[in-house]
Amino acid sequence: MPASNGDGLTLYQRDLDPGLFERVQSWQSRRDLSGLLERLRGQMQRRPFMDAWVEAVVADRLDRMGCELAIEVPTPGGRTCDLRVRRDGIEFYVHIKRLHAGRRTRRIRISPRLRVLEGIERPWLVRVRWAEGLSDADMQELVVRCSEFLHQARIGDELTVRSENGRELGGIRVIAPWEGRTVSLAIGLPEGFQERGERIRRLMERASRQFMPKSDNLILVATPYADDIADFDTALLGSNVERWDPTQPPGQRMNWGRADDGFWKGGSRDSSRFMGWFRFRPNADELRCTLRFRDSTRPALRSLLLACFTPDGEPD
């Protein structure tokens, strides 16, 4: 049945990948997926439409991988699971949560002065933010102060830079180690460095309350930016910290670890064994997930998840 002028898919079609759009349109005759198609057609506001579209992205991938699907499956507690998935005698439930873009949807002019920080020899992923409308002199002051800070900072340290009259110029935070020799910059949010990780953590909490009891449940978190993977890992595994271990040889006594503030901390939320993250772009026909496994249990399900959600069948 063709879409009408009041159809959400028609309204947002230009924002969507054409190939995926056509496949979703073909769900009209599918008893298992037609309900998701109708939900997309009925959403005229952008945010709920994109919340439904990210579910369509996941459902499309699983469908093409030969899985048997059911949508909006009720739980005994009165909630619903986004998807029930069956293949090769294996069953699991998927809970998809999308982190909205926030303020970074606008175009940001990045000062070339900030590139100086990328030459500092520290193997760190660093997030930097700055106030709108900074003069060139203010930006220079921010860069100088951040550079001084990075030469003596540790993982997890944060600095807020203010001018002489107390105006906040910006800030910097050392997020995590990375494989490079020098600093790698990520652009932070004006609201502060902690917010995105905390929001992702809340999405995980919400998803866990929708679990199907006595079943395997996978949470997938979709976010709009590539560097959100650092916030995802912080929310799941805990904040990055440096630990001093005097039992190690000289030069190896300072190591990186995780604080006890992650979603998977200790033995909490034992029913959550699998977690995934992917970058959501509505105009891209791709789904590359980073999967995290709490332990080595359920090897058959692990293999199936890798086959379905990672292009090479291997974890990132």
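See the structure above.
Numbering of residues starts from 1 in every chain and runs along the sequence as written. The model is predicted, so local features are restricted to residues of pLDDT at least 70 and side-chain atom pairs to those at 80 or more, both for listing and for counting; the totals for chains, interfaces and linings are taken over all residues. Remark: hydrogens and water are excluded; side-chain values derive from all non-hydrogen atoms of the structure.

Here's the deal with the overall build of the chain
Phase 1: Across its full length, the chain holds eight helices and 12 strands.
Phase 2: Across the 316 residues in the chain, those meeting the buried criterion constitute 48%.
Phase 3: Only heavy atoms enter the contact rule, under which two residues are in contact if any of them lie within 4.5 Å. Considering only residue pairs separated by 6 or more positions, the chain has 65% of its internal contacts joining residues 24 or more positions apart.
Phase 4: Only the protein chains shown count as cover for residues, and the accessible areas themselves come from Shrake-Rupley with a 1.4 Å probe. For the chain, the exposed surface amounts to about 15,800 Å²; the carbon and sulfur share of it is 46%. Counting from the N terminus, the helices are DSSP H or I runs at least four residues long and the strands are E runs at least two residues long. Exposure classes here rest on a 1.4 Å probe applied to the protein chains alone. A residue is buried below 20% of its type maximum, exposed above 50%, and partly exposed in between.

Notes on the packing of aromatic side chains
Phase 1: Here a pair means two rings of Phe, Tyr or Trp (six-membered ring of Trp) with centres within 6.5 Å. Their orientation is stacked below 30 degrees between planes, edge-to-face above 60, and tilted elsewhere. Summed over the entire model, instances satisfying the criterion amount to three aromatic pairs.
Phase 2: Look at Phe49 and Trp53: their rings are 6.2 Å apart centre to centre, the planes differ by 10°, and that puts the pair in the stacked class. Residue Phe49 and its partner Trp53 are located together in helix H4 (residues 46-64), separated by four residues, close to a single helical turn.
Phase 3: Take Phe49: its relative accessible area is 0%, and that puts it in the buried class.
Phase 4: Centroid distance Phe274 to Phe293: 6.0 Å. Interplanar angle 80°. Geometry classified as edge-to-face. With Phe274 in strand S11 (residues 274-279) and Phe293 in strand S12 (residues 290-293), this residue pair connects regions lying 19 residues apart in the sequence.

With respect to the side chain of Asp231
Phase 1: Within the secondary structure, Asp231 is located in helix H7 (residues 228-237).
Phase 2: Pairs of N or O atoms are called polar contacts if they sit within 3.5 Å, as long as, within protein, a hydrogen donor faces a hydrogen acceptor (for residues adjacent in sequence, only side-chain-to-side-chain pairs). Within the structure, Asp231 has its side chain in polar contact with the side chain of Arg127 (distance 2.9 Å).

Here we look at the pattern of salt bridges
Phase 1: Counted as salt bridges are all cases of a side-chain nitrogen of Lys or Arg within 4 Å of a carboxyl oxygen of Asp or Glu. Following the criterion strictly, the structure yields 31 salt bridges and no others.
Phase 2: A salt bridge links Asp285 to Arg23, with the shortest nitrogen-to-oxygen separation between them at 2.9 Å. With Asp285 in the loop between S11 and S12 and Arg23 in helix H2 (residues 18-25), this residue pair connects regions lying 262 residues apart in the sequence.
Phase 3: Judged by its relative accessible area of 34%, Asp285 is partly exposed.
Phase 4: Note on Arg23: relative accessible area 24%, which makes it partly exposed.
Phase 5: With a shortest N-O distance of 2.3 Å, Arg281 and Glu286 are connected by a salt bridge.
Phase 6: Because the salt bridges share partners, they merge into one network encompassing Arg23, Asp60, Arg64 and Asp285.

So, the environment of Gly8
Phase 1: Position of Gly8 among the secondary structure elements: in helix H1 (residues 8-12).
Phase 2: Judged by relative accessible area, Gly8 falls into the buried class, the value being 0%.
Phase 3: Placed 38 residues apart in sequence, Gly8 and Arg46 show a C-alpha to C-alpha distance of 8.7 Å.

Digging into the pairing of strand S1 (residues 68-74)
Phase 1: Pairing analysis gives six bridges linking S1 to strand S2 (residues 80-87), with the strands arranged antiparallel. Counted as the bridge partner of Val73 is Cys81 from S2.
Phase 2: Count of turn residues in the S1/S2 antiparallel hairpin: five residues, of which Gly78 carries a positive phi of about 90°. By this definition, two strands are paired if DSSP reports at least two bridges between them.

From the geometry alone we can't say anything about function, so treat these as descriptive.
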